[in-house]
Amino acid sequence: MTYSPIVATLGYVVTTDRQSVLMVHRNARANDTHQGKWNGLGGKLEPSESIAQCMCREVREEANLNVTRMRLRGTINWTGFGRGGEPWFGFIFLIEGYTGEPLTSNTEGELAWQPLARLLSGELPMWEGDKHFLPLVFDEDPRVFYGAMPYENGRPINWSFDRF
């Protein structure tokens, strides 16, 4: 069996004091798999770009910001995640530098700065699995994490990760 995941980026833009994160509230499209959830910014890799170029492009398209500094924090293999159960493989970035002023909305929904504490507490409606990896995105450990989170019927059924 060939493994052919959808390759994507997911980025978390933080303020200089690292207290707030720019999030998109996916409330603009009724048929959106992410409907009603708060997400970081990102999307699918295009054939002719690097994963870093993809992350920068997605932030520019979704928030009108130009990335000047970002760090890869981890990767996640989300098997069974997509609308039809297809696997996704995500590169997770922390975006610590940018120029421009963020949009207040885009085609996916409204954009808003959310306190980091709200993300980490699970107070915002997000994917159930986010609570497992978000602490790793924002912690002080310099090592990249490598995660696996299989989904079944829209819910994570396991979570494991390594750091080296």
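Everything quoted here is computed from the prediction, not taken from an experiment.

**Q** I'd like a rundown of the overall build of the protein chain, residues and numbers included.
**A** Across its full length, the protein chain carries three helices and 11 strands. When the helices and strands of the protein chain are listed from N to C terminus, the series reads β-β-β-α-β-β-β-β-α-α-β-β-β-β. On C-alpha atoms alone, the protein chain measures out to a radius of gyration of 15 Å, which is about the 15 Å that the 2.2 N^0.38 rule sets for 164 residues. Dimensions of the protein chain, computed from C-alpha atoms along their principal axes, come out at roughly 45 × 40 × 35 Å.

**Q** Let's hear about the environment of Arg18: which residues, and what values?
**A** Looking at where Arg18 falls in the secondary structure, it is placed in the loop between strand 1 (6–14) and strand 2 (20–26). Not counting the four nearest positions on each side in its chain, Arg18 is found in contact with Arg71, Leu94, Glu96, Leu116, Phe138, Asp139 and Glu140. Reaching out from Arg18, the side chain makes a polar contact with the backbone oxygen of Phe138 at a distance of 2.9 Å.

**Q** Just give me the short version of the pairing of strand 7 (residues 109–115), but keep the residues and values in it.
**A** Note: strand 2 against strand 7, seven bridges, orientation antiparallel. The residue of strand 7 that forms the bridge with Ser20 is Pro115. With two bridges connecting them, strand 6 (residues 105–106) and strand 7 associate as antiparallel partners. Paired with Ser105 across the two strands is Glu110, which belongs to strand 7. Linking strand 6 back to strand 7 in an antiparallel pair, the connection comprises two residues.

**Q** Give me the lowdown on the side chain of Asn39, citing residues and values where you can.
**A** When you line up the elements, Asn39 lands in strand 3 (residues 38–39). Setting aside chain neighbours within four positions, we find Asn39 in contact with Met23, Val24, Arg26, His34 and Trp127.

Conventions we followed
Residues numbered from 1 in each chain as written. Predicted model: local features only at pLDDT ≥ 70, side-chain atom pairs only at ≥ 80, totals over all residues. Heavy atoms only, no water. Helix = DSSP H or I, 4+ residues; strand = E, 2+ residues; numbered from the N terminus. Rg over C-alpha atoms; globule rule 2.2 N^0.38 Å. Contact = heavy atoms within 4.5 Å. Polar contact = N/O pair within 3.5 Å; in protein donor to acceptor, adjacent residues only side chain to side chain. Pairing = 2+ DSSP bridges.

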